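Descriptive analysis of the structure
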Amino acid sequence: MSLKEELEQLRQRALHELKGLKDSSGLAELEVKYLGRKGELARGLKALQDVVAEERPRLGELANQVKREVEEAFATIKQKFGNGTPAPIDVTLPGIPPLRGHLHPVLAVQRELEELFRSMGFMVLDGPELESEFYNFEALNIPAWHPARDTQDTFYVKGGEPKNRWLLRTHTSPVQVRALQDYGAPIRAIVPGRVFRYEATDASHETTFWQMEGLVVDKDISVSHLIATMKALLTGIFKREVEVRLRPGYFPFVEPGFELDIKCLVCGGTGCSVCKHSGWVELLPCGLVHPKVLEYGGVNPKEYSGFAFGLGLSRLAMMRYKIDDIRLLLSGDLRFLEQF
Amino acid sequence: MKISYNILKTFVTPPAGNTGRSLAETLTMRTVEVESYHDQAGRLAGVVVGLVTAVRPHPNADKLRLAQVGTGKHKLEVVCGGVNLQEGMKVAFANIGTKVRWHGQGDWVTLEQVSIRGVESAGMICAAEELALMDSAAVEHGIMDLSYLTAKPGTPLAEALGLHDIILEVDNKSVTHRPDLWGHLGLARELAAIWQVPFTLPEPPTLAGGAEARLKVTIEAPEHCQRYLGVVVAGLKVAESPAWLKQQLVSLGVRSINNVVDVTNYVMHELGQPLHAFDLARLAGPEIVVRLAKRGEKLVTLDGSERKLEADSLVIADAKHVQAVAGVMGGQASEVGSTTTTIVLESATFDPVSVRLTAGKLGLRTDASMRFEKGLDPALAELALRRAVQLLAEVCPGAHVVSNVADTYPRPLELVKLNLNLPWFWKRLGCEIPRAEVVGILERLGFKITGKGDDLEVKVPSWRATRDITIPEDLIEEVARIYGYDKIPLAMPKFDITPPPVDEAQALRWKIRDLLVGAGWTETLSYSFSRSGQKPEQSLELVNPIDQTRRWLRTSVYDTLHEQFKTARRADEGMSLKFFELGRVFSSQVGDWPSQVTGQDRLPAQPWHLALAAFDQRRGSLSVIRGALKLLEKSLSIKLPDNPSYHKFGGGAVLVEVDLTGIKSGEARTLIPIPKYPSVTRDVSVVVPEGTSWENIEAAVKVSKLIESVEVFDVYEAKRSIAYRLTFRAPDRTLKSEEVDEVMAKITKLLQDKFNATIR
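Residues numbered from 1 in each chain as written. Chains lettered and ligands numbered in written order. Predicted model: local features only at pLDDT ≥ 70, side-chain atom pairs only at ≥ 80, totals over all residues. Heavy atoms only, no water.

1. A word on the overall build of chain A
Our working definition: Put simply, DSSP marks the helices as runs of H or I at least four residues long and the strands as runs of E at least two long, and each gets a number from the N terminus on. Radius of gyration: C-alpha atoms only; globule rule: 2.2 Å multiplied by the number of residues to the exponent 0.38. For each residue, the accessible area found with a 1.4 Å probe, counting protein chains only, is set against the maximum for its type, and the residue is called buried under 20%, exposed over 50%, and partly exposed in between. Contact criterion: two residues are considered in contact whenever any of their non-hydrogen atoms come within 4.5 Å of each other. Calculation of accessible area relied on Shrake-Rupley with a 1.4 Å probe; when residues are assessed, cover is drawn exclusively from the protein chains displayed. Just so you know, the count uses Lys and Arg for positive and Asp and Glu for negative, and it drops His and the chain ends. Where a charge lies is defined by one atom per residue type: Lys uses NZ, Arg uses CZ, Asp uses CG and Glu uses CD.
When helices and strands are counted, chain A shows 11 helices and 10 strands. In terms of overall size, chain A is more extended than a compact globule, its C-alpha atoms giving a radius of gyration of 38 Å where 340 residues would be expected to give roughly 20 Å. Projecting the C-alpha coordinates of chain A onto the three principal axes gives extents of approximately 110 × 55 × 40 Å. Counting only residues that meet the buried cut, chain A has 53% of its 340 residues in that class. Of the contacts made within chain A by residues no fewer than 6 positions apart, 65% connect residues no fewer than 24 positions apart. Within the structure as shown, chain A displays about 16100 Å² of accessible surface, and the carbon and sulfur contribution to it stands at 52%. Separation between the mean location of the 43 positive side-chain charges and that of the 46 negative ones in chain A comes to 3 Å.

2. Concerning the overall build of chain B
The number of helices and strands found in chain B is 18 helices and 40 strands. Its C-alpha atoms give chain B a radius of gyration of 40 Å, clearly above 27 Å, the size a compact globule of 760 residues would have. Viewed in the frame of its principal axes, chain B has a C-alpha envelope of about 125 × 80 × 60 Å. Relative to its full complement of 760 residues, chain B shows a buried share of 52%. Restricting to contacts in chain B with at least 6 residues of sequence separation, those with at least 24 account for 70%. Of the roughly 35800 Å² that chain B leaves accessible, carbon and sulfur atoms contribute 52%.

3. Re the sheet that holds strand 1 (residues 2-4) of chain B
All names here are of chain B. What counts is decided by this rule: A pair of strands counts as paired when DSSP detects no fewer than two bridges linking them. To get an axis, fit a line to the C-alpha atoms, keeping to the stretch in contact for a helix; angles then go from 0 to 180 degrees between the N-to-C directions.
Read across the sheet, three strands follow the order 1-12-2 without closing on themselves; strand pairing throughout is antiparallel. In this open sheet, the two edge strands, each paired with only one partner strand, are strand 1 and strand 2 (34-39). The average angle at which neighbouring strand axes cross in this sheet is 25 degrees, direction not considered. Of the strand pairs in this sheet, strand 1 and strand 12 (residues 166-170) are connected by three bridges, and their pairing is antiparallel. Of the residues in strand 12, the one forming a bridge with I3 is L168.

4. So, the interface of chain B and chain A
How big an interface is tends to be stated in terms of the accessible area lost upon association of its parts. The cut-off we apply is this: The quantity reported as buried area is the accessible area (1.4 Å probe) lost by two parts once they are put together, taken as the sum for both. Salt bridges are defined by distance alone: a side-chain nitrogen of Lys or Arg within 4 Å of a carboxyl oxygen of Asp or Glu. Counted as a polar contact is a pair of N or O atoms within 3.5 Å, where, for protein atoms, one must be capable of donating a hydrogen and the other of accepting one, and residues adjacent in sequence contribute only when both atoms are in side chains.
Taken together, the contact pairs 83 residues of chain B with 91 residues of chain A. For the pair chain B and chain A, the summed buried area comes to about 7500 Å², and 59% of that belongs to carbon and sulfur atoms. Taken as a group, B:R428, B:W510 and B:L525 account for 10% of the area that chain B buries against chain A, more than any other trio of residues on that side. A salt bridge links B:R584 to A:D126; its shortest N-O distance comes to 2.8 Å. Inspection of the region where chain B meets chain A yields 34 residue pairs in polar contact (both at pLDDT 80 or more). With seven residues, helix 14 (residues 504-518) of chain B is the largest single contributor of residues to the side of chain B that touches chain A.

5. Notes on the packing of aromatic side chains
So the rule is basically this: Stacked, tilted and edge-to-face are the three classes applied to pairs of Phe, Tyr and Trp rings, where Trp contributes its six-membered ring and a pair requires centres within 6.5 Å; stacked means planes under 30 degrees apart, edge-to-face means over 60, and tilted covers the rest. Our definition puts a charge over a ring when NZ of Lys or CZ of Arg is within 6 Å of the ring centre and also within 35 degrees of the ring normal.
Overall, the coordinates contain 19 aromatic pairs over all chains when judged by the stated rule. Both rings, one in A:F134 and one in A:Y296, keep their centres 5.5 Å apart while their planes meet at 85 degrees; by these two values the pair is edge-to-face. With a gap of 162 residues between them, A:F134 in helix 6 (residues 133-136) and A:Y296 in helix 9 (residues 291-296) connect regions that are remote in the sequence. Residue A:Y296 is classed as partly exposed on the basis of its relative accessible area of 27%. Between A:F336 and A:F340 the ring centres are 5.1 Å apart and the planes differ by 70 degrees, which places this aromatic pair in the edge-to-face class. An identical accessibility class is assigned to A:F336 and A:F340; each is buried. Ring-pair connections join several aromatic residues into one group, and the members of that group are A:F117, A:F122, A:F307 and A:F309. Seen from the ring of B:W182, B:K374 lies directly overhead, with NZ or CZ sitting 4.6 Å from the centre.

6. A word on the packing of helix 11 (residues 422-429) of chain B against helix 13 (residues 472-483) of chain B
A packed helix pair is summarised by two numbers, namely the angle formed by the two axes and the spacing between the axes. All names here are of chain B. Which entries qualify depends on this criterion: Should an angle fall under 35 degrees it is called roughly parallel, over 145 degrees roughly antiparallel, and 65 to 115 degrees roughly perpendicular, with every other angle called oblique. Helix crossings get a hand from a simple test, with the near helix turned counterclockwise from the far one by less than a right angle marking a left-handed crossing and a clockwise turn marking a right-handed one. For this classification, Asp, Glu, Lys and Arg are treated as charged, while Ala, Val, Leu, Ile, Met, Phe, Trp, Tyr, Cys and Pro are nonpolar and the rest, including Gly, are polar.
Following both chains from N to C, one finds helix 11 and helix 13 inclined at 65 degrees, their axes separated by 11 Å at the closest point. Here helix 13 runs roughly perpendicular to helix 11, going by the angle between their axes. Considering only the axes of helix 11 and helix 13, their crossing is right-handed. Of helix 13, the residues touching helix 11 (which contributes W424, F425, R428 and L429) are P472, E473, L475, I476, V479 and A480. The residue inventory of the contact of helix 11 with helix 13, partitioned by class, reads eight nonpolar, no polar and two charged.

7. Let's talk about helix 12 (residues 435-444) of chain B
Residues and elements named next belong to chain B. Residues V438, V439, G440, I441 and L442 constitute the buried set of helix 12. Along its buried surface, helix 12 packs onto strand 25 (417-421), helix 11, strand 26 (448-450), strand 27 (455-459) and helix 13. Trailing helix 12 by a residue or two, G446 shows a phi angle of about 105 degrees, which is positive.

8. Regarding the layout of surface pockets
Residue and element names in this part refer to chain B. Which entries qualify depends on this criterion: Grid points spaced at 1 Å and placed over the protein atoms alone form the basis of the search, with a cavity being a set where a 1.4 Å probe fits but cannot get out and a pocket an open set showing protein on both sides within 12 Å along at least five of seven lines. Lining residues have an atom within 4 Å of a point. Grid points are joined across faces, edges and corners, and a volume is the space filled by probe spheres set on the points. Domain limits in this description derive from either an automatic procedure or a database domain assignment.
Here the second largest pocket is characterised by a volume of approximately 2000 Å³. Every residue lining the second largest pocket is counted, 47 residues in all, and those nearest its centre are L622, S623, R626, G627 and W694. If you list the elements that add at least two residues to the lining of the second largest pocket, you get helix 16 (621-636), strand 35 (645-648), strand 36 (654-659), helix 17 (694-701) and strand 38 (707-716). Broken down by element, the residue count for the lining of the second largest pocket peaks at 12 residues, all from helix 16. Both domains that meet at the lining of the second largest pocket, namely domain 5 (504-659) and domain 6 (680-759), each give it at least three residues.

See the structure below:
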């Protein structure tokens with residue numbers, strides 16, 4: 001049988017069998033038989049390759065015509081059998097989960113703050129985690145006799161000079177002096193980073209945590225500027241109006257020094273366990289930069305003044321996500337990290 | 001530190017209506033942080049004086065009895081187990097709803113109406129400890145016998161006992177800079193300034209001195225002891241302290257010992273000046289030597305431990321022996337005991353640094369050392385001595401000074417005078433407090449003001465002049481906190497709009513985080529302390545590690561991340577993991593940061609590293625990491641170092657770490673024109689001998705300009721089989737199959753010849 005005859009027969013057989021169908025049962029099977037990848041039509045088309053070159057165009061056209069006719073016949077019959085009731089789709093199935101990574105919660109908070117401060121024109125600076133006694137203490141007006149210098153509070157590192165020992169910075173404040181030396185005044189900068197305290201670890205104490213230092217130095221910076229800026233900043237962090245209060249606090253590198261409290265966001269100031277029934281939550285230490293710190297930074301305190309503040313990034317992350325154990329932050333526990 | 005409102009009131013007359021909460025808030029907002037307060041009367045609310053009118057046995061219990069108690073208006077029946085219960089007795093009666101503490105232990109519980117062995121009890125007759133009170137006449141298993149009180153039944157117990165104190169708990173950390181606030185006197189002065197009421201400085205009588213004894217005081221180490229006052233007090237009879245003194249000390253959290261010791265402790269809390277009493281009979285004689293300890297000298301201190309003293313520790317000695325560690329603790333040998341009749345009473349000003357170092361070395365921080373560490377006012381030592389003598393005579397009639405008043409004051413306090421320029425002050429504060437108000441506040445705090453117009457000459461009082469107030473900036477706080485920080489108007493500072501410079505290295509780290517997180521990696525953070533690190537020869541060691549096994553600073557992120565990673569894997573067995581950490585590592589090599597303003601000293605190098613740790617059985621851990629690194633390089637146009645460090649873990653996990661030092665984001669990319677002609681791809685699968693690196697193959701197969709890319713799409717490590725796809729394209733025409741075949745043939749030959757590869 002020539003290919004032409006075969007194709008003709010194929011057409012008739014297919015159309016005949018289709019006519020014989022009473023309902024949609026068997027239709028799929030038939031479709032595979034004729035139109036499937038290894039179906040009869042495919043075989044017929046493949047056979048074209050073996051035909052002599054001069055016959056190929058003509059037979060090719062025939063083959064395509066047969067294919068079209070059969071396909072159309074299938075389409076018609078599908079409509080007849082009411083292919084209009086498609087299989088129901090379960091739209092509540094979850095879909096394929098895309099790859100999802102996780103930013104560490106402390107870094108997530110850090111980023112948000114960096115963006116906030118950058119929008120207010122602050123530089124974001126970095127400083128060494130292994131510091132010298134000079135930058136960590138002396139330049140911040142923390143004298144040799146100050147208890148903070150004890151090995152009870154500070155990790156010291158072997159090496160260095162006897163009079164200027166190496167240590168792991170206990171706060172991000174040393175970068176205040178480094179920034180003033182590098183950039184001079186006026187300056188607006190924040191310094192996020194890892195800090196260390198010699199401290200036994202428990203649910204609320206860690207040897208390692210994250211802070212963010214802030215520094216503004218310009219002409220005639222005042223306490224009034226400090227409070228207003230802090231209020232703007234806190235509104236930015238908590239995304240709502242926050243009430244703040246300032247009270248005396250002692251930090252050798254600021255004068256005057258303050259503790260800034262915010263009205264408890266949980267109870268609104270009426271008193272609850274979060275604010276220890278005082279209505280206020282201690283949030284950040286701040287103050288006007290001590291003239292000695294400006295001097296160490298090479299800035300004339302008669303010409304410039306400034307304010308500085310410290311934010312606990314670990315603490316803010318814990319507040320935001322209601323993390324009740326600080327040790328989780330450095331645990332590497334996936335059940336923790338994958339929640340962010 | 002506990003502060004008693006009653007003691008404060010001996011120095012100031014407060015305005016009416018103060019509560020624990022208002023006192024705590026006033027002090028917290030203006031002076032020091034008050035952590036909590038305790039209102040004694042408030043706690044005794046519901047407890048009244050009751051009169052026992054009848055006692056009869058309990059029908060169902062031998063050790064219990066039933067008492068009729070009259071509380072003025074009511075007559076109630078209660079069950080009571082007190083062995084000393086009697087008809088006609090006045091008792092402490094707790095009504096239903098009152099808070100009591102069972103047997104003086106555990107939490108406070110609210111009293112409820114209950115049936116005890118079948119009999120309803122309408123309240124409770126209390127023992128002292130059940131109300132946290134002192135009772136010197138207490139009997140075992142007894143109740144408080146208040147028959148001595150004149151108060152009528154029904155009178156609130158707090159009123160009947162005169163318990164109306166409010167105890168404030170001050171946060172010690174908030175007063176580290178204020179030597180004057182370590183006693184009630186100083187806080188009373190603050191309150192007087194805040195409330196604008198008069199402040200009464202106590203004026204105990206001047207010490208006349210006596211001729212019966214001659215007290216000799218020698219200060220051999222004047223740099224450690226600024227002032228030393230002493231007197232000999234005789235005619236003492238050591239006994240229990242009177243009730244008021246005991247009660248007052250208990251409320252301050254101080255254990256009562258005996259009348260003499262209690263007086264010294266009371267004066268310390270009242271005025272802030274630690275005192276010490278030596279039993280003269282147990283000293284070598286009426287001679288005090290203030291000197292440094294001798295090498296090998298030892299002392300058994302009052303707590304019973306034998307202390308080895310270091311040569312730079314200041315001690316108080318008699319002619320022969322050490323008798324006390326100066327400013328820290330006395331010695332047992334000269335302790336005041338029941339037989340003591342004559343004492344040497346010490347009131348001194350020791351050097352703050354010296355006391356702190358000594359206390360630190362001995363591991364012995366006492367109420368005394370904490371105060372001396374702050375730098376006490378030498379004038380206070382004199383006042384406290386007079387006050388102690390006055391009180392000793394009060395609690396111990398007959399006690400009197402029999403010696404000269406020894407007062408050695410080798411280093412008089414230097415006066416501090418400051419100039420406060422008002423316009424400057426206003427500018428720093430952002431608020432123009434009128435001159436009169438500034439002067440008023442400073443004067444109420446004890447400063448003396450002279451000078452006219454805008455320039456105030458301010459003389460700092462002795463109790464603030466030891467180290468606390470030294471520069472005009474210190475005065476801003478003094479005025480502003482009393483004035484009220486809440487009254488300062490808010491103003492945003494004005495800045496120019498120059499955009500801030502950007503630290504490229506930090507920006508790069510954020511981009512890395514974003515890309516990795518976007519590609520499904522989880523960021524983690526690990527400690528900086530490690531066991532012996534990757535590069536022991538470059539490791540820096542902590543002087544005082546908390547965990548002895550982790551005494552090194554990490555030289556690589558691997559040092560600390562690998563443990564965390566192993567734990568994470570164990571918790572999540574079999575799952576694929578993708579972890580990364582960006583962090584500083586430390587090396588003994590010299591870095592860039594200066595360690596001093598002047599000079600060439602540099603801190604150790606502490607570069608930022610990026611570590612990726614992965615476990616992926618299906619795709620291969622290393623492939624996953626290499627893929628991520630390629631992603632970073634391509635997306636950020638950076639070139640990561642060629643020599644990252646690789647670590648393989650058992651089970652197939654891998655960690656790769658790169659040093660980010662000096663890596664900069666590349667030039668902004670420019671568009672590569674969209675190709676006009678189609679490409680041709682060919683897949684090749686080769687099996688190469690072990691040891692052949694893909695890097696070499698990749699370089700070698702690029703034999704033609706027509707090759708646009710070479711990309712691996714499958715690797716079968718066991719057989720070292722690599723499948724890759726070659727993409728060919730010409731910029732100016734559609735490639736013909738033959739052209740590509742020609743190149744492919746060349747590549748095949750090259751692979752066979754050069755790499756001994758089998759093409760599959």
